[in-house]
Amino acid sequence: MKVVRHKNDDGEFRCISFSNTLLSRPGVIRRLRKLPGVVERERCRLYGDCEFYKFQFNSIPFTLNEDWGDSSEFDIYTEISDTEELEILAKHLESYRFDSIGIVKWALLLVPL
């Protein structure tokens, strides 16, 4: 998965973004929770909310966001600049590979033979 690293006007690395076409909200949360050191702080179950998951990774607070509650990208950001943890999160998400074989198997179960 392609992950874009963003810097603010002061050149500080505080945010990553990635497309949500391969991972849904619950899917990206499951992916993040596989990383040792991720602790859930707050999860919003309403789909209209932009900030739908807050977590800590190695004691650093992060927020998972979907602009306007319905866009094509997710953002993960923190108030702490240039953290190694944000780069680890980016690499963890970049390592995700879509399981198209799993989708085909699932679809075959739904189609009566």
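Use the structure listed above.
Just so we're clear, the structure is a prediction, and the values are computed from it rather than from any experiment.

## Some points on the sheet that holds strand β2 (residues 13-19)
- Across the sheet, six strands lie side by side as β1-β2-β6-β5-β4-β3; this open sheet has antiparallel pairing. The open sheet has two free edges, formed respectively by β1 (3-7) and β3 (38-43), since each of these has just one partner strand. If you compare each strand with its neighbour and ignore which way they point, the axes differ by 25° on average.

## Observations regarding the packing of aromatic side chains
- Tallied over the entire structure, the rule returns four aromatic pairs.
- For the pair F18 and F74, a centre-to-centre distance of 5.9 Å together with 70° between the ring planes defines the contact as edge-to-face. On the criterion of sequence distance, the pair formed by F18 in strand β2 and F74 in strand β6 (residues 73-77) is long-range, its members being 56 residues apart. Of the two residues, F18 and F74, neither departs from the other in class, the shared state being buried.
- Put simply, the rings of F18, F52 and F74 pair up and form one aromatic cluster.

Criteria and thresholds
Residues numbered from 1 in each chain as written. Predicted model: local features only at pLDDT ≥ 70, side-chain atom pairs only at ≥ 80, totals over all residues. Heavy atoms only, no water. Pairing = 2+ DSSP bridges. Helix = DSSP H or I, 4+ residues; strand = E, 2+ residues; numbered from the N terminus. Axes fitted to C-alpha atoms, helices over the stretch in contact; angles between N-to-C directions. Phe/Tyr/Trp six-rings, centres within 6.5 Å; stacked < 30°, edge-to-face > 60°. Buried < 20%, exposed > 50% of the residue type's maximum accessible area, 1.4 Å probe, protein only.

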